[in-house]
Amino acid sequence: MSINTLLFDLDGTLIDTNDLIIESFLHTLDHYYPDQYQREDVLTFLGPPLYDTFVKMDEARVDEMITHYRDFNLSKHDELVKEFEGVYDTVKLLHEKGFKLGIVTTKMRGTVVMGLKLTGLDAFFDVVVCLDDVTNAKPDPEPIHLALQQLGSSPEEAIMVGDNYHDILAGKNAGTKTAAVSWTIKGVEYLQQFEPDYVLTHMEDILPLVGVTKGE
């Protein structure tokens, strides 16, 4: 069965929010745990829901820590977020060619909408599944199943594209093909251990996988 549906993670895949997320974690952790965390210490926190990260640190203050993080994150969003090279043109072309396009993210909808509007990508996606739309986040297949249901697609027709292990595992759990992006901040070697079907070195690399030739 040919691929007609492309599902993308947002942060670290389509838009470069790495500096924003790292600075938000460091700002929050420096408030609650002064001088205990450096940049390299927080890289493992990128991807999973904030609750999952902060509840392990302090179950009693997890909501307070999330609020502290989000206040800073929102205040710095437009200053620190940008798209990855080639993303806009590739997604625009896929949209023009009639592919069904969806976002599946572990972020809350408010900041997802901000990022999509800031980069102009909001014009191309038919479906956006956020953390507040589901009970179980990636790597559980629920968000992907919801996106596919809303798009009228089956797993066999879809590829899940992401920069983190939970994107790859969610795709596998849902029965889609999976593609890892080599610009992941965690290093492509890390993602390869989860055995994605494809590795993209540039976003344009998705085009031949779905039978699209650039410029035609």
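Just above sits the structure.
The rules behind each value
- Residues numbered from 1 in each chain as written.
- Predicted model: local features only at pLDDT ≥ 70, side-chain atom pairs only at ≥ 80, totals over all residues.
- Heavy atoms only, no water.
- Helix = DSSP H or I, 4+ residues; strand = E, 2+ residues; numbered from the N terminus.
- Rg over C-alpha atoms; globule rule 2.2 N^0.38 Å.
- Buried < 20%, exposed > 50% of the residue type's maximum accessible area, 1.4 Å probe, protein only.
- Contact = heavy atoms within 4.5 Å.
- Lys, Arg positive; Asp, Glu negative; His and termini not counted.
- Charge placed at Lys NZ, Arg CZ, Asp CG, Glu CD.
- Core = buried A, V, L, I, M, F, W, Y, C linked by side-chain atoms within 4.5 Å.
- Expected span 1.5 Å × (residues − 1).
- Bend = angle between axes of the 7 residues up to and from the residue.

Caption draft 1: View of the overall build of the protein. Tallying secondary structure elements over the protein gives 9 helices and 8 strands in all. For a compact globule of 216 residues, the expected C-alpha radius of gyration is about 17 Å, and the protein comes in at 17 Å, within 12% of that figure. A principal-axis box enclosing the C-alpha atoms of the protein has dimensions of 55 × 30 × 30 Å. Within the protein, the fraction of its 216 residues that count as buried is 51%. Nonlocal contacts in the protein, meaning residues at least 24 apart in sequence, comprise 66% of its contacts between residues at least 6 apart. Computing the positive centroid from 17 side-chain charges and the negative centroid from 37, the protein places the two 3 Å apart.

Caption draft 2: Focus on the nonpolar core. Counting residues in each nonpolar core, the largest one holds 34 residues, and the members touching the most others are Leu6, Phe8, Leu14, Leu94, Leu101, Leu121 and Phe125. Counting residues per element, the ones that place at least two in this core are strand S1 (5–8), helix H4 (87–96), strand S4 (100–104), helix H5 (109–119), strand S6 (158–162), strand S7 (177–181) and helix H9 (206–209). Tallying contributions element by element places H4 first for this core, with 4 residues. One finds Tyr32, Val42, Met65 and Tyr69 within the second-largest nonpolar core, a separate group that totals 16 residues.

Caption draft 3: Local environment of helix H3 (residues 62–80). Along its 19 residues, H3 runs 25 Å from first to last C-alpha, staying within 8% of the 27 Å computed at 1.5 Å per residue. At leucine 74, H3 shows its largest bend, some 35 degrees. Every buried residue of H3 is listed here: Val62, Met65, Ile66, Tyr69, Phe72, Asn73 and His77. Lining the buried residues of H3 we find helix H1 (18–32), helix H2 (50–54) and H5.

Caption draft 4: Inspection of the environment of leucine 20 at higher detail. Note that leucine 20 resides in helix H1. By relative accessible area, leucine 20 is classed as buried at 1%. For leucine 20, the residues in contact, after removing those within four places along its chain, are Asn73, Lys76, His77, Leu80 and Val81.

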